[in-house]
Amino acid sequence: MTRWLDDDEQHAWRSFLAASQVIQEELDRQLQRDSGMPHAYYAVLVRLSEAPERRMRMSELAAGVNSSQSRLSHAIARLEERGWVRRLPCPADRRVSWASLTDAGHDVLAAAAPGHVEAVRRCLFDRLTPEQTGQLAAICAAVLGERRS
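A brief structural summary. All of these numbers come straight from a predicted model, not from anything done at the bench. (Residues numbered from 1 in each chain as written. Predicted model: local features only at pLDDT ≥ 70, side-chain atom pairs only at ≥ 80, totals over all residues. Heavy atoms only, no water.)

## Things to note about the overall build of the protein chain
Check the secondary structure of the protein chain and you find six helices and three strands. If you list the helices and strands of the protein chain from N to C, you get α-α-β-α-α-β-β-α-α. Projected onto the principal axes, the alpha-carbon positions of the protein chain cover approximately 55 × 40 × 25 Å. Taking all 149 residues of the protein chain together, the buried fraction comes to 26%. Within the protein chain, contacts between residues separated by at least 24 positions form 49% of all contacts whose residues are at least 6 apart in sequence. Carbon and sulfur atoms make up 54% of the accessible area of the protein chain, which totals about 10400 Å². (Helix = DSSP H or I, 4+ residues; strand = E, 2+ residues; numbered from the N terminus. Buried < 20%, exposed > 50% of the residue type's maximum accessible area, 1.4 Å probe, protein only. Contact = heavy atoms within 4.5 Å. Areas by Shrake-Rupley, 256 points an atom, 1.4 Å probe, with all protein chains shown as cover.)

Put into structure tokens, the structure is as follows:
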């Protein structure tokens, strides 16, 4: 038997979809305009910058940015063309590739970060109270916990 959404759930669901889309589109627009990259590339650079030695296995990176391995491979190829990332073979396992953030990629990320953070604040956190920020974090943890179990 189908468990249809009640009016409150339907309203929450549609509001979530609309807000998510507006935020993603604005962040993508800001990064394209100010840094010449889509948000997906920015996310890859951030993950690599936070990794030990600024490198990660491609499979772990794909999981970290919620991407398929084929989509990530395409993004890494574009980032390699720009000189921001290098793809490295794993000496211990030929089937494994690593992505490594170059110094140029780190510099691009450092230049892009202030504008991106300001856009995140403007699109989301400036509109929330501290209590709502905590609620948002709790909601996201509940949703992600369900997915990762």
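## Here's the deal with a nonpolar patch on the surface
Together, Leu5, Trp13, Phe16 and Leu17 make up a nonpolar patch on the protein surface, roughly 400 Å² of accessible area in all. Note that Phe16 resides in helix α1 (residues 7-35). (Patch = residues over 30% accessible without salt bridge, like charges linked within 9 Å, V, L, I, M, F, W, Y side chains within 5 Å. Salt bridge = Lys/Arg side-chain N within 4 Å of Asp/Glu carboxyl O.)

## Things to note about the pattern of salt bridges
With the rule as written, the count across this model stands at eight salt bridges. As a salt-bridge pair, Glu53 and Arg55 come within 3.9 Å of each other at their nearest N and O atoms. Judged by relative accessible area, which is 32%, Arg55 ranks as partly exposed. A network of salt bridges, in which partner residues are shared, links Glu26, Arg29 and Arg122.

## Side note on the pairing of strand β2 (residues 85-90)
Two strands pair when backbone bridges link them, and β2 and strand β3 (residues 93-101) are joined in this way by six bridges, in the antiparallel orientation. Bridge assignment links Arg86 to a residue of β3, and that residue is Ser100. Following β2, the chain reverses through two residues before pairing antiparallel with β3. (Pairing = 2+ DSSP bridges.)

## Brief notes about the nonpolar core
In this structure, Leu61 and Ile76 are the most contacted members of the largest nonpolar core, which totals 23 residues. Every element with two or more residues in this core is listed here: α2 (39-50), α3 (58-64), α4 (69-81), β3 and α5 (103-123). A per-element tally of this core places α2 first, with five residues. Apart from the residues within four sequence positions on either side, Leu61 is in contact with Val44, Arg47, Leu48, Met56, Leu72, Ile76 and Ala99. (Core = buried A, V, L, I, M, F, W, Y, C linked by side-chain atoms within 4.5 Å.)

## Remarks on α4
The terminal C-alpha atoms of α4, which comprises 13 residues, lie 18 Å apart, in line with the 18 Å expected from a rise of 1.5 Å per residue. Taken together, the buried positions of α4 are Leu72, Ala75, Ile76 and Leu79. Down the axis, α4 shows its buried residues gathered within 105° of arc, on one side only. Facing away from the buried side of α4 by more than 90 degrees, the exposed set consists of Ser70 and Glu81. Among the structural elements, α2, α3, β2 and β3 are those in contact with the buried residues of α4. (Expected span 1.5 Å × (residues − 1). Arc of directions from axis to C-beta.)

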